[in-house]
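Examining the three-dimensional arrangement
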Amino acid sequence: MSKITDTVTALVLPIVEAAGCTLWDVEYVREAGNYYLRIFIDKEGGVSIDDCEKVSRELDPVLDEADPIPDSYVFEVGSPGAERELKRPSDFEKFIGSEIEIRTYKPVDGQKSFVGILKAFKDGDITFSDGNTDRTLTKAEIAKVRLHVSF
């Protein structure tokens with residue numbers, strides 16, 4: 001994590017938890033010439049727009065007072081969504097047995113996207129099943145992993 005996201009995480013965590021939610025992620029990115037600070041919250045049963053609004057209203061003055069970001073930015077509070085990105089070991093442990101989509105940096109056996117059931121996570125390597133066989137991709141090969149929702 002960057003210094004900014006570490007600082008923001010420390011500021012927002014107690015407020016998010018006091019609102020009955022868990023902090024899923026803090027993201028500070030530049031997109032289309034603008035900076036965005038995104039706080040992703042979660043809770044059992046799902047996050048409502050009211051949860052996002054409550055947390056946003058409580059965080060806004062705290063962030064203004066602490067002023068951890070020197071540039072102007074767009075502040076957003078939202079849910080990580082059904083197809084949330086998995087980043088930390090605890091994310092992977094929580095979703096063992098769930099369907100995931102893995103994107104790789106370079107083609108592996110001619111493809112850069114894989115969908116399967118998460119079987120194991122160890123030291124950044126992911127083992128998943130496509131229904132017929134288990135396969136492992138290494139941390140160095142993996143660009144992004146997120147939950148996959150099939151309809």
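Each remark here, short or long, concerns the structure printed above.
Since this is a predicted model, take the numbers as computed values, not measurements.

The next subject is the pairing of strand S7 (residues 134–137). Pairing of strand S6 (residues 125–129) with S7, which is carried by 4 bridges, proceeds in the antiparallel orientation. Pairing of Thr-127 across the sheet is with Thr-136, part of S7. Linking two consecutive strands that pair antiparallel, namely S6 and S7, is a turn of 4 residues; a positive phi of about 105 degrees is found at Gly-131 within it.

Let us now look at the sheet that holds strand S3 (residues 74–78). Taken together, 3 strands build an open sheet; the order of strands is S1-S2-S3 and the sheet is mixed. Here the strands that pair on one side only, and so sit at the sheet edges, are strand S1 (22–31) and S3. The sheet shows a mean angle of 15 degrees between the axes of neighbouring strands, direction not considered. Examined bridge by bridge, S1 and strand S2 (residues 34–42) share 9 bridges and lie antiparallel to one another. Directly across from Arg-30, in S2, lies its bridge partner Tyr-35. Most of the contacts of helix H1 (residues 3–18) go to S1, to which it runs at about 145 degrees, and overall it touches S1 and S2.

As a further point, take helix H2 (residues 49–66). It helps to recall that an α-helix has 3.6 residues per turn; residues three or four apart then point in one direction. With 18 residues, H2 extends 25 Å between its outermost C-alpha atoms, agreeing within 8% with the 26 Å of an ideal straight helix rising 1.5 Å per residue. Maximum bend of H2: about 30 degrees, positioned at Leu-59, with proline Pro-61 one to four residues after it. Every buried residue of H2 is accounted for by Asp-51, Cys-52, Val-55, Leu-59 and Leu-63. On the buried face of H2, the contacting elements are H1, S2 and S3.

This next bit is on the pairing of strand S5 (residues 111–122). Relative to S5, strand S4 (residues 99–108) runs antiparallel, the two sharing 6 bridges. Bridging from a neighbouring strand, Glu-101 pairs with Val-115 of S5. Taken together, S4 and the strand that follows it, S5, pair antiparallel across an intervening segment of 2 residues, in which Asp-109 is found at a positive phi of about 55 degrees. With antiparallel pairing between neighbouring strands as the criterion, S5 and S6 make up a hairpin whose turn holds 2 residues, including Asp-123 at a positive phi of roughly 55 degrees.

Turning our attention to the pattern of salt bridges. A complete count under the given rule lists 12 salt bridges for this structure. A salt bridge links Arg-38 to Glu-76; the nearest nitrogen and oxygen atoms lie 2.7 Å apart. Of this pair, Arg-38 sits in strand S2 while Glu-76 sits in strand S3; the two residues are 38 residues apart in sequence, bridging distant segments of the chain. Put simply, Arg-84 and Asp-42 hold a salt bridge, and the shortest N to O gap is 2.6 Å.

Turning next to the nonpolar core. Counting 19 residues, the largest nonpolar core has Val-8, Val-12, Leu-37, Ile-39, Ile-41, Leu-59 and Val-77 as its most contacted members. Where this core is concerned, the elements lending two or more residues are H1, S1, S2, H2 and S3. Those residues in contact with Leu-37, other than ones at most four positions away along the chain, are Val-8, Val-26, Glu-27, Tyr-28, Leu-63, Ile-69, Tyr-73, Val-74, Phe-75 and Glu-76.

Here we take up the packing of H1 against H2. Any two packed helices are characterised by the angle at which their axes cross and by the distance between the axes. Their axes nearest at 10 Å, the elements H1 and H2 cross at an angle of 145 degrees. Judged by the sense of rotation from one axis to the other, the crossing of H1 with H2 is right-handed. Along the contact surface, H1 presents Val-8, Leu-11, Val-12, Ile-15 and Val-16, while H2 presents Val-55, Glu-58, Leu-59, Val-62, Leu-63 and Ala-66. Looking at the contact of H1 with H2 residue by residue, the class counts come to 10 nonpolar, no polar and 1 charged.

Conventions used here
- Residues numbered from 1 in each chain as written.
- Predicted model: local features only at pLDDT ≥ 70, side-chain atom pairs only at ≥ 80, totals over all residues.
- Heavy atoms only, no water.
- Pairing = 2+ DSSP bridges.
- Helix = DSSP H or I, 4+ residues; strand = E, 2+ residues; numbered from the N terminus.
- Axes fitted to C-alpha atoms, helices over the stretch in contact; angles between N-to-C directions.
- Contact = heavy atoms within 4.5 Å.
- Expected span 1.5 Å × (residues − 1).
- Bend = angle between axes of the 7 residues up to and from the residue.
- Buried < 20%, exposed > 50% of the residue type's maximum accessible area, 1.4 Å probe, protein only.
- Salt bridge = Lys/Arg side-chain N within 4 Å of Asp/Glu carboxyl O.
- Core = buried A, V, L, I, M, F, W, Y, C linked by side-chain atoms within 4.5 Å.
- Left-handed = near helix turned anticlockwise from the far one by under 90°.
- Nonpolar A, V, L, I, M, F, W, Y, C, P; charged D, E, K, R; others polar.

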